[in-house]
Amino acid sequence: MSSIVDRVRQRRLINRQNRAIDRAWMTAPTQSMRDEIAIFAQRRNI
């Protein structure tokens, strides 16, 4: 039973992180900062 709760909690955390990354990417003032955020997001998912 706890594995289901853990899975839901993990999915919620990932969704929150994805929203934070999207928000940071949208508000990045320069293209190089967007590139850095994209690289960070790719590394995090591995």
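Structure: see above.
Since we're looking at a predicted model, the values are computed, not measured.

Chemist: Would you take a moment to explain the overall build of the chain for this structure?
Modeler: Helices and strands together make up the secondary structure of the chain, namely two helices and zero strands. Considered along the principal axes of its C-alpha atoms, the chain spans approximately 45 × 20 × 5 Å. Of the roughly 4300 Å² of accessible surface on the chain, a fraction of 57% belongs to carbon and sulfur atoms. If you average the places of the 10 positive and of the 4 negative side-chain charges in the chain, the two averages end up 10 Å apart.

Chemist: Please explain the environment of I14 as it appears in this structure.
Modeler: On the secondary structure map, I14 appears in helix α1 (residues 2-27). Here the alpha-carbon distance between I14 and I4, two residues ten residues apart in the chain, equals 15 Å.

Conventions we followed
- Residues numbered from 1 in each chain as written.
- Predicted model: local features only at pLDDT ≥ 70, side-chain atom pairs only at ≥ 80, totals over all residues.
- Heavy atoms only, no water.
- Helix = DSSP H or I, 4+ residues; strand = E, 2+ residues; numbered from the N terminus.
- Areas by Shrake-Rupley, 256 points an atom, 1.4 Å probe, with all protein chains shown as cover.
- Lys, Arg positive; Asp, Glu negative; His and termini not counted.
- Charge placed at Lys NZ, Arg CZ, Asp CG, Glu CD.

This is a description of form; function is not addressed.
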